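Residues per chain are reported as follows:
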Amino acid sequence: MKNRPTITEINSSTFPILEVGISSNDLTYSELRTIAKSFKNDLENMKGIQQIDGYGYLAKEVKITPDPLLLSQYQVSLIDLIGVISNRNKRSSMGNIRQGEKDTTIVNDSRLVSEDDIRNAIVRSNFNGQSVKLSDVAMVNLGYETPKILSRVSGINGISFNIIKSETADIITVSNKIIGLVDDYKKQYPNLNFVTANDSSKFLKNRLNVMVSNGIIGLILVILVLTLFLNKEMAFWVSLGIPVSVMGVIFLMPVFDMTINIISLLALIIVIGIIVDDGIIVAENIAKYREKGLSNTDASIQGIQSVFKPVITTILTTIIAFSPMFFMSGIMGKFIFQIPVVISIALLVSLIEVVIALPAHLSARKKTIKVGSAKRHKFIQKYRQKYESILSKLLKRKYRVVTAFGGIFIFSIIFAGSFMNFVLFPKSNAVNFYVRAKAPAGTPLEKTSSLMLPIEEALMALPNTELMAFTTRIGATGDAYFLTEQENQAFIMVDLVPFSGRDRTADEIMSEIKKKTKNIKRYKDQK
């Protein structure tokens, strides 16, 4: 082994969260880079950003081209030129001067900070005052380094920044700040094109929206149903269990070293529909005792005591149902582990709210609360009698019913095993895909870049209802997070509109791109 292996820890908290591309059809590269540098400085001063990787953001470089004839004429060697640059371009301390209680440090700053400084650097001199400067034997040009990786955002050449947040920063807050900074620069420089791509925060925002919408719908449905069958006050206090449980989970998550992320939000979405069940059971039982003539306080006490054991049992059985996720191994197990933790916390918080807070709220009023009207009870009683009649007939044929449901269960297992495929991450819901290309070995970077143009044109032809943005990396292989330089390879990261906002699946879009680009030559492999 010639070189020692490099070990890199893959930490999801240090993945890029957003890429910003800057381009212009009017400005020179030097002018564009000046604005990009200002933008980069503003990003670095932004709280929550740990690292910024620039593509197309070339470092300034001084190119010195010696003239062999002039070197021979002045009897100067290449080693002399190298020595002049290295010895001249220094900043060093020359010592201290103490005057009383004050110390002064003497610094010799002879760094070459401009193109003229380099041109006028003295290579050789004599006692007569004659000297040979660097510009006498070589051409000095100030430019930029030769790029090893080319980058384009949505098919436009320019400068792009891949932004990585700090480990403890909130991804939504940082992303919103970056987008806000982009909007400010758009107003300040209307002649520039700013493109954002690979926004990782959109997944979390989507889950948050789903959780909020589910919570609101759940609240409305609980209030409507309980108002229909019980009364408005009971409906209000039972529905309050949803936000109380969610806030309790958010408050306790740091105790278990957890954050609000896609997995934890998924667990909250799952549990929102479960946490109100026990509240409905307790509230309905309290209402039953009120109908019998008990006071609010006595009804609340009797109501919770008579269903306390069933409520505890339902909570524990639900927790046990999700407990196998605690024991999943591998990388997937480390992600899935958050689901049973969040669900267990939510159910336990809900249990406390149901057995303590809910009865206390329902017994707080001095005046006895009426549970529904006679008209509403008559409506409910009508359907209750029909249900009791059907249930009575089924109980008389209990063995047939159990056999029938057992047969349906077995048939469902056989059907699922024979005709249903298990897909952990459905392709139809994908919002990203990669286009990877490999030209024959030895293909120069510029040629590889030109070969990617037809693919980019095919992507740009996609409608705005399907395509958000795409990023091209030329001269590299890998993905958005880790790159390996390779002149004859390139890839494109395609960012699609969320599945709910488009008509075609990612597979259908990929098939169209493959058809349009299948006749491109000079590629060794393409997929």
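Residues numbered from 1 in each chain as written. Predicted model: local features only at pLDDT ≥ 70, side-chain atom pairs only at ≥ 80, totals over all residues. Heavy atoms only, no water.

(A) Region of the structure containing the overall build of the protein chain. When helices and strands are tallied, the protein chain shows 18 helices and 16 strands. Its C-alpha atoms give the protein chain a radius of gyration of 35 Å, more than 25% over the compact-globule value 24 Å for 527 residues. Its C-alpha atoms give the protein chain principal-axis dimensions of roughly 120 × 80 × 55 Å. Burial status across the protein chain gives 36% buried among its 527 residues. (Helix = DSSP H or I, 4+ residues; strand = E, 2+ residues; numbered from the N terminus. Rg over C-alpha atoms; globule rule 2.2 N^0.38 Å. Buried < 20%, exposed > 50% of the residue type's maximum accessible area, 1.4 Å probe, protein only.)

(B) Representation of unusual backbone geometry. Phi is positive for Q75, which is not a glycine, with a value near 55°. By the secondary structure assignment, Q75 is in the loop between α2 (68-73) and α3 (78-88).

(C) Quick look at the nonpolar core. Counting residues in each nonpolar core, the largest one holds 73 residues, and the members touching the most others are F39, L43 and I178. Ignoring anything within four residues of it in the chain, the contact list for L43 reads I49, I52, I163, I178 and L181. Ranked by size, the runner-up nonpolar core spans 20 residues in total, among them V435, L445, A490 and I520. (Core = buried A, V, L, I, M, F, W, Y, C linked by side-chain atoms within 4.5 Å. Contact = heavy atoms within 4.5 Å.)

(D) Just a nonpolar patch on the surface, in detail. Together, V212, I216, I217, I220, L221, L224, V225, L228 and F229 line one region of the surface with nonpolar side chains, adding up to about 800 Å² of accessible area. Its location among the elements puts F229 in helix α7 (residues 201-229). (Patch = residues over 30% accessible without salt bridge, like charges linked within 9 Å, V, L, I, M, F, W, Y side chains within 5 Å. Areas by Shrake-Rupley, 256 points an atom, 1.4 Å probe, with all protein chains shown as cover. Salt bridge = Lys/Arg side-chain N within 4 Å of Asp/Glu carboxyl O.)

(E) Region of the structure containing the pattern of salt bridges. According to the stated counting rule, one finds 8 salt bridges in the structure shown. In this structure, R473 engages E19 in a salt bridge whose closest nitrogen and oxygen atoms are separated by 2.8 Å. Residue R473 is located in strand β14 (residues 467-478), and its partner E19 is located in strand β1 (residues 16-23); the two are separated by 454 residues in the primary sequence. Like E19, R473 is buried.

(F) Main features of the side chain of T318. Residue placement: T318 occurs in helix α12 (residues 296-322). By relative accessible area, T318 is classed as buried at 19%. From its side chain, T318 meets the backbone oxygen of T314 in a polar contact 2.7 Å long. In contact with T318, not counting residues within four places along its chain, are I274 and L347. (Polar contact = N/O pair within 3.5 Å; in protein donor to acceptor, adjacent residues only side chain to side chain.)

(G) Up close: a positive patch on the surface. Residues K393, K396, R397 and R400 make up a contiguous surface patch of positive charge. Position of R397 relative to the elements: it lies in the loop between α15 (374-396) and α16 (398-419). With a relative accessible area of 44%, R397 lands in the partly exposed category. (Lys, Arg positive; Asp, Glu negative; His and termini not counted. Charge placed at Lys NZ, Arg CZ, Asp CG, Glu CD.)

(H) Highlighting the packing of aromatic side chains. Scanning all chains against the criterion turns up 11 aromatic pairs. Centre to centre, the rings of Y29 and Y144 are 5.0 Å apart; their planes meet at 80°, and the pair counts as edge-to-face. Note that Y29 is positioned in helix α1 (residues 29-44) and Y144 in strand β8 (residues 138-144), a separation of 115 residues in sequence. A centroid spacing of 5.0 Å and a plane angle of 70° characterise the contact between F236 and W237, whose relative ring orientation is edge-to-face. The partly exposed category is assigned to F236, whose relative accessible area is 43%. Ring-pair connections join several aromatic residues into one group, and the members of that group are F39, Y57, F161, Y185, Y189 and F194. Lying over the aromatic face of F491, R436 brings its terminal NZ or CZ to 5.7 Å of the ring centre. (Phe/Tyr/Trp six-rings, centres within 6.5 Å; stacked < 30°, edge-to-face > 60°. Lys NZ or Arg CZ within 6 Å of the ring centre and 35° of its normal.)

(I) Examining the environment of I17 more closely. Structurally, I17 is set in strand β1. When its relative accessible area of 3% is taken as the criterion, I17 is described as buried. Separated by 206 residues in the primary sequence, I17 and I223 place their C-alpha atoms 39 Å from one another. Beyond its immediate sequence surroundings of up to four residues, I17 is in contact with I163, K165, I171, V174, S175, I178, N198, D199, S200 and S201.

(J) Here's a closer look at the sheet that holds strand β12 (residues 193-197). Read across the open sheet, the 4 strands follow the order β2-β11-β1-β12; overall the sheet is antiparallel. A single partner strand is all that each edge strand has here, and the edge strands are β2 (49-55) and β12. Between one strand axis and the next, the sheet turns through 20° on average, direction left out of account. Relative to β12, β1 runs antiparallel, the two sharing 5 bridges. Bridge pairing in β12 links E19 to A197. Where helix α6 (residues 171-188) meets the sheet, it contacts β1, β2, β11 (159-165) and β12, and its direction lies at approximately 5° from that of β1. (Pairing = 2+ DSSP bridges. Axes fitted to C-alpha atoms, helices over the stretch in contact; angles between N-to-C directions.)

(K) A look at the environment of I260. For I260, the position within the fold is in the loop between α9 (241-252) and α10 (262-272). Between the C-alpha atom of I260 and that of D170, which follows or precedes it by 90 residues, the distance is 9.0 Å. Ignoring any residue separated from it by four or fewer positions in sequence, one finds I260 in contact with L204, I250, M253 and L265.

(L) Geometry of the pairing of strand β9 (residues 150-153). As judged from the 4 bridges shared by β9 and β14, these two strands associate in the antiparallel manner. Bridged to R152 within β14 is T472.

(M) Region of the structure containing the pairing of strand β4 (residues 91-99). In terms of residue burial, β4 counts as a barely covered element, since only 0 of its 9 residues are buried. In the sheet, β4 pairs with strand β5 (residues 102-109) via 8 bridges, with the strands oriented antiparallel. Among the inter-strand pairings, S93 is bridged to a residue of β5, identified as V107. Between β4 and β5, which pair antiparallel and follow one another directly, the connecting turn spans 2 residues, one of which, G100, has a positive phi of 70°.

(N) Layout of the packing of helix α11 (residues 277-291) against helix α14 (residues 338-362). Between α11 and α14, the shortest axis-to-axis distance is 11 Å and the interhelical angle comes to 40°. Comparing the axis directions of α11 and α14 gives the class oblique. When the axes of α11 and α14 are compared, the crossing they make is right-handed. Each of D278, G279, V282, A283, I286 and R290 in α11 lies in contact with α14, whose residues at this interface are V354, L358, P359 and L362. Its residues assigned to classes, the contact of α11 with α14 comprises 7 nonpolar, 1 polar and 2 charged. (Parallel < 35°, antiparallel > 145°, perpendicular 65-115°, else oblique. Left-handed = near helix turned anticlockwise from the far one by under 90°. Nonpolar A, V, L, I, M, F, W, Y, C, P; charged D, E, K, R; others polar.)

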